[in-house]
Structure formats: structure tokens, C-alpha cells
Amino acid sequence: MTDPQIHAIEVQLLLDALRLRHGYDFNQYARASLERRLHTLSVSLGYHTLSAMIPRLLHDATFVDEVIAHVSVPVTEMFRDPSLYLGLRDRVIPYLATYPRIQLWLPGCATGEEAYSLAILLHEEGLLNQSTLFATDINDTALAQAESGVFSKDKLRQFTRNYQLSGGKGVLEDYFRYHDQSATIHDRIRQKIVFAHHNLVSDGDFAETHLIYCANVLIYFNDALRNRVLDVFRKSLVRGGFLCLGPQERLLGSGEESRFAELDPGCRIYRSHPPQSDSSPTHDQDVSS
Ligand SMILES: C[S@@+](CC[C@H](N)C(=O)[O-])C[C@H]1O[C@@H](n2cnc3c(N)ncnc32)[C@H](O)[C@@H]1O
């Protein structure tokens, strides 16, 4: 059992190496779960201490991808929180439908399942042609997989139930081409999504965005980083734009009331700069508030 003081020094040295050598700053992540993930990585690679990974992190340029892939938890599913997709269909789509062009941003998209889910939902609501989805993450391994649009057939079977519960209007399998053990999403869906590297810790906003979908990401950040990211989101959204955090996320605190208004507390869907009257789904009314 490592002395807690030595353990804390080792964690800090490792985070310093990640930041100074590779530009990834994990200092404002929730510490306990980050340390757990660093520990399981070091054990799986046969290191006896955390600091033993530092020389490799400094001198082996490919190792950083392995560390990021491990600490960033790229766990996801299609239509992961069906209630959130129901909320989107009922409460958000009627507003989005009033825009001639729609820009959506999914930060922390992992392997892309949610981006494909949202694109399918937009297709079923007749809005995909006028939409562009930006799906971003710091995990380049996950992004490469996302871009391929390939999923195992086993996974697709699991996603089908989520799709049905989320109000899916068709048959999920119809959006894929099938091979032996895998399936590839159809080009008409994939072409609407731009996958890109973007770090919520250090990178800027996506101006003129109508909807930000960022589920199960802020839970890994401390309050200071959460606030920074919410500021980036506020700057990115058009007036009356939507922020979907999903049911696993904490409610926004009182400090955020001036930035976002709650639209659906259960699903954690918010609007930026809310309109004074919310009676009809037109964005013109929103801008005048
Ligand atoms: C648990 S997954 C969530 C995936 C998806 N949003 C969902 O709810 O199914 C968290 C994702 O956040 C990404 N992430 C962590 N820190 C990030 C950062 N600073 N900037 C962008 N993405 C980050 C991770 O790489 C990971 O893919």
C-alpha cells in the first residue's frame, strides 16, 4: 500500500507530464475516479507505481493515446437515455424546425453512438437535410471508430430496445448495411456528421449552435471546470438555443439561472437566454425577448 502522500505526489507528477509534454490538463477532473483509472492502467501495463509510467509518457509519442483512451471513459450507447430522446422529440424539435439551417454540437461524443442517434432522430423528423452535427472528443481512438460508422451486430441488438423506447418511428436495422458480424451506418446519415478533436478544458466555442447535446461528460469535472465549460456552451448557443445534459447530470446550480432556463428538469434540457413568453414554437419570438 503506497503512502498517501507519495501517492498524491505521483499523481501530480503524472498529470504534470501529461499537461507539459502533451497539452492535456486533467487537473480539474474529479480526482477520485481519475486516480482509479490511472491506477488500473498502470496495473494492467505491469507498472508497480504510477510514476513508473512517466518516462514512457515523456519519450514514447504513441503512449499518450493509450493513456487518454483509458482515462477518458468512452462508454456510450445509441439512444442511451430514451427519455431524453422523447423529451427532444416533444419539446425541442418543434423549435428547431423553425430554423432554415440547424447546427448541433455533441462534445464528449466518444465512439459516436449518440451522434448517429441524433442524426436518425432528425431524419425521422424531416430535419436532417438542413442539419450539420459536430461531434467532438479528446479521445482520438474513439473518434476514429466513430468516423468508421461500424458497429457489431450484438451491440445493434442492444440498441434496438433503446431506439424503440425513445420513440423511434422506423426500424433501427434499416439505417445499416450488414456484413458478417458487423453493420455500417448508411452514408446519408454519416455524411451529416463531422467528427473532430476538441478539448473542453482548453478549446473555444462553436458559434451559432442551436443544440448542444453533452450527456455524461460534466460529471467527470470539478465545479471550476464545469463552470468554464458552461460558459463555452453559453457563448456557442444562439439566443434560445438548447442545452441537453441528460438525466445522469446534476441540475444546474443557482449561479447558472442567468445563463440557462430549465425546459425539462427530468431530462436536464435547458435553453439559453430564454424567451419571455414560450407559447409558440418560433425562434423569431425568442430573439426579440
Ligand atoms: C462517458 S463518455 C460519454 C459519451 C456520450 N456523451 C454518452 O453519454 O454516451 C465521456 C466522454 O467524454 C470525453 N471527454 C472527457 N474529457 C473531455 C474533454 N476535456 N473534452 C472533450 N471530451 C472529453 C471522453 O473522452 C469520453 O469519450
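This is a predicted model, so every value here is computed, not measured.

Definitions and limits used
- Residues numbered from 1 in each chain as written.
- Predicted model: local features only at pLDDT ≥ 70, side-chain atom pairs only at ≥ 80, totals over all residues.
- Core = buried A, V, L, I, M, F, W, Y, C linked by C-beta atoms within 7 Å.
- Buried ≥ 20, exposed ≤ 12 C-beta atoms within 10 Å, placed from the backbone.
- Helix = DSSP H or I, 4+ residues; strand = E, 2+ residues; numbered from the N terminus.
- Contact = placed C-beta atoms within 7 Å.
- Pairing = 2+ DSSP bridges.
- Right-handed = clockwise from strand over helix to strand, strands pointing away.
- Near = placed C-beta within 6 Å.
- Nonpolar A, V, L, I, M, F, W, Y, C, P; charged D, E, K, R; others polar.
- Expected span 1.5 Å × (residues − 1).
- Arc of directions from axis to C-beta.
- Axes fitted to C-alpha atoms, helices over the stretch in contact; angles between N-to-C directions.
- Domains from an automatic or database assignment.

**Details of the nonpolar core**
Counting 54 residues, the largest nonpolar core has Ala115, Ala119 and Cys244 as its most contacted members. Counting residues per element, this core draws most heavily on helix H6 (residues 113–124), at 7 residues. Not counting residues within four places of it along the chain, the set of residues in contact with Ala115 comprises Leu106, Cys109, Leu133, Ala135, Ala146 and Ile193. Formed by 12 residues, the second largest nonpolar core is a distinct cluster that contains Leu15, Leu18, Met53 and Ile138.

**A few points about the pairing of strand S2 (residues 131–137)**
Most of S2 is tucked away, with 6 of its 7 residues classed as buried. For strand S1 (residues 102–107) and S2, the ladder comprises 6 bridges, and the chain directions are parallel. Along S2, the bridge assignment pairs Leu106 with Ala135. Since S1 and S2 lie parallel, the crossover through H6 that links them has a hand, and here it is right-handed.

**Quick notes on the site of the ligand**
Among the 22 residues in the neighbourhood of the ligand, the closest are listed as Ser72, Thr76, Gly108, Ala110 and Asn216. A breakdown of the residues in the shell around the ligand according to their chemical character gives 13 nonpolar, 6 polar and 3 charged.

**Some details on helix H1 (residues 4–22)**
Since the α-helix advances by 3.6 residues per turn, residues separated by three or four positions end up pointing in the same direction. A rise of 1.5 Å per residue sets the reference length of H1, with its 19 residues, at 27 Å; its end C-alpha atoms lie 26 Å apart and thus fit the reference within 8%. Residues Glu10, Leu14, Leu15, Ala17 and Leu18 constitute the buried set of H1. For H1, the buried positions fall inside an angular range of 150 degrees around the axis, keeping them on one side. Among the exposed residues of H1, those pointing more than 90 degrees away from its buried face are Gln5 and Leu20. In this fold, the buried residues of H1 make contact with helix H2 (31–44), helix H3 (54–59) and helix H4 (63–71). Following H1 by one or two positions, Gly23 has its phi on the positive side, about 80 degrees.

**Let's talk about unusual backbone geometry**
Located in the positive-phi region is Val73, a residue other than glycine, with phi close to 50 degrees. In this fold, Val73 is placed in the loop between H4 and helix H5 (82–96). Positive phi, close to 60 degrees, is recorded for Asn216, a residue that is not glycine. Overall, the presence of 19 C-beta atoms within 10 Å leaves Asn216 in the partly exposed class.

**Things to note about the sheet that holds strand S5 (residues 182–185)**
Pairing is antiparallel across the open sheet formed by 3 strands, whose spatial order is S3-S5-S4. In this open sheet, the two edge strands, each paired with only one partner strand, are strand S3 (150–152) and strand S4 (176–178). Strand-to-strand twist of the sheet, defined as the mean angle between neighbouring strand axes without regard to direction, takes the value 35 degrees. Its contacts with the sheet place helix H8 (residues 153–165) against S3, S4 and S5, and it is angled at close to 85 degrees to S3.

**Let's talk about the domain arrangement of the protein chain**
When its domains are assigned, the protein chain resolves into domain 1 (4–71) and domain 2 (82–287). Using C-alpha coordinates to define each centre, domain 1 is positioned 30 Å away from domain 2. Each partner contributes to the interface: domain 1 provides 9 residues, whereas domain 2 provides 11 residues. For the side of domain 1 that touches domain 2, a count of residues per class yields 5 nonpolar, 2 polar and 2 charged.

**Describing helix H7 (residues 140–148)**
Those residues of H7 lying buried are Ala142, Leu143 and Ala146. Burial along H7 is one-sided: seen end-on, the buried residues are contained in an arc of 100 degrees. Of the surrounding elements, those touching the buried residues of H7 are H6, S2 and strand S6 (193–197). Directly beyond the C-terminal end of H7, a positive phi value near 65 degrees is found at Gly149.

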